[in-house]
Amino acid sequence: MADPRPPLWRQAFDAVERRVTPRAEEFVRTETFAVGAALTRRAVTLARDTARGATTRLWHAIDLPAGTDVSRLRAQVGALDREIRRLTLQLEAERRRTSEETDADSPQPADGPRPRPARRRTQRPARP
């Protein structure tokens, strides 16, 4: 029969958690914690921006694109792609409209449109 109690490591963890959790919850609700979290966030942002600026200058010094350059180019390529799609849709709509007008003006055969010629199939080489 298996022991119904959890393993010793779990019992130790649960004991520590029961003692630490109430104090930690009290602490995270204090103004001291809020100020510390805000200062930490500012320090991290400042350090990241400083490092990003330094690496950008370094990449540009050796005539390579920085991450910001690549991001800007990706955004431009995305905008161009959306514009090409929009123009393609407009062009297709205009072609359909023009085709419908042309079809309406030209006489159609009494038995409907002409059938298309059959496509030739690719011949495969003979097997050895």
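Rules behind the numbers
Throughout, residues of each chain are indexed from 1 in the direction in which the sequence is written. A pLDDT threshold of at least 70 governs which residues receive local features in this predicted model, and a stricter bar of 80 or more applies before side-chain atom pairs are shown or counted, although totals over entire chains, interfaces and linings include all residues. Hydrogens are left out, water is left out, and the side-chain values use all remaining heavy atoms of the structure. The secondary structure listing takes helices from DSSP runs of H or I that are at least 4 residues long and strands from runs of E that are at least 2 residues long, numbered from the N terminus. Exposure categories follow from relative accessible area, calculated using a 1.4 Å probe and restricted to protein chains: below 20% of the type maximum is buried, above 50% is exposed, and the middle band is partly exposed. Using the Shrake-Rupley algorithm and a 1.4 Å probe, accessible areas are obtained, with residue cover drawn only from the displayed protein chains. Take a side-chain nitrogen of Lys or Arg and a carboxyl oxygen of Asp or Glu: if they are within 4 Å of each other, that pair is a salt bridge. Side-chain rings of Phe, Tyr and Trp, where Trp is taken by its six-membered ring, are said to pair if the distance between their centres is within 6.5 Å; with planes under 30 degrees apart they count as stacked, over 60 as edge-to-face, and otherwise as tilted. The span you would expect from a helix comes to 1.5 Å times its residue count less one. Two axes enter the definition of the bend at a residue: one is fitted to the seven residues ending there, the other to the seven starting there, and the bend is the angle between them. Whether two residues touch is decided by their heavy atoms; if any such pair falls within 4.5 Å, the residues are in contact. Within 3.5 Å is the distance limit for a polar contact, defined as a pair of N or O atoms, with the added protein rule that one can donate a hydrogen and the other accept it, and that residues adjacent in sequence qualify only through two side-chain atoms. In predicted models, pLDDT denotes the confidence assigned by the predictor to each residue on a 0 to 100 scale.

Trainee: Got a minute to help me understand the overall build of the protein in this structure?
Mentor: Of the regular secondary structure elements, the protein holds three helices and zero strands. Counting every position in the protein, which comprises 128 residues, the buried fraction comes to 3%. As displayed, the protein has an accessible area near 12,800 Å², and 58% of this comes from carbon and sulfur atoms.

Trainee: Looking at this model, I keep getting lost on the pattern of salt bridges. Mind explaining?
Mentor: Pairing between side chains of opposite charge can happen when the charged atoms of each approach one another. Throughout the structure, instances matching the rule amount to six salt bridges. Of the charged contacts, one joins D69 and R72 as a salt bridge, the two residues approaching to 2.9 Å between their closest N and O atoms. Placement of the pair is D69 and R72 together in helix α3 (residues 67-105), with a separation of three residues, close to one helical turn. Judged by its relative accessible area of 12%, D69 falls in the buried class.

Trainee: Hey, could you run me through unusual backbone geometry in this one?
Mentor: Glycine aside, the phi torsion of most residues is negative, and most peptide linkages are trans. Notably, D63 is not glycine yet its phi reads approximately 60 degrees, a positive angle. Mapped onto the secondary structure, D63 falls in the loop between α2 (31-61) and α3.

Trainee: Help me understand the packing of aromatic side chains in this model?
Mentor: For any pair of aromatic rings, the description rests on two quantities: the centre-to-centre distance and the angle between the ring planes. Taken as a whole and judged by the stated rule, the model has one aromatic pair. Consider the rings of F27 and F33, whose centres lie 5.5 Å apart with planes at 75 degrees: the pair is edge-to-face. Residue classification places F27 among the partly exposed residues on the basis of a relative accessible area of 45%. With a relative accessible area of 33%, F33 lands in the partly exposed category.

Trainee: Could you clarify how one ought to interpret helix α1 (residues 8-28) in this entry?
Mentor: A turn of α-helix holds 3.6 residues, and therefore any two residues three or four places apart point the same way. With 21 residues, α1 ought to run about 30 Å at 1.5 Å a step, and its terminal C-alpha atoms sit 29 Å apart, in line with that. Largest kink in α1: about 35 degrees, centred on V20, with the proline P22 one to four residues after it.

Trainee: How do you make sense of α2 when you look at a structure like this?
Mentor: Here α2 spans 45 Å end to end across 31 residues, near enough to the 45 Å set by a 1.5 Å rise per residue. Where α2 terminates, the next one or two residues include D63, which has phi positive at roughly 60 degrees.

Trainee: What should I look at first to understand the side chain of T56 in this one?
Mentor: Looking at the secondary structure, you find T56 in helix α2. Leave out the neighbours within four places in its chain, and T56 touches A66 and T68.

Trainee: What is the right way to look at the environment of E94 in this model?
Mentor: Take E94: it is sitting in helix α3. A polar atom in the side chain of E94 sits 2.4 Å from the side chain of R97.

Trainee: Would you explain the confidence of the model for the protein in this entry?
Mentor: Detail in the predicted coordinates should be disregarded across regions flagged by low pLDDT. Looking at the protein as a whole, its pLDDT mean stands at 88, while 79% of the residues score no less than 70. The least confident element of the protein, judged by mean pLDDT, is α3 at 91; the most confident is α2 at 96.

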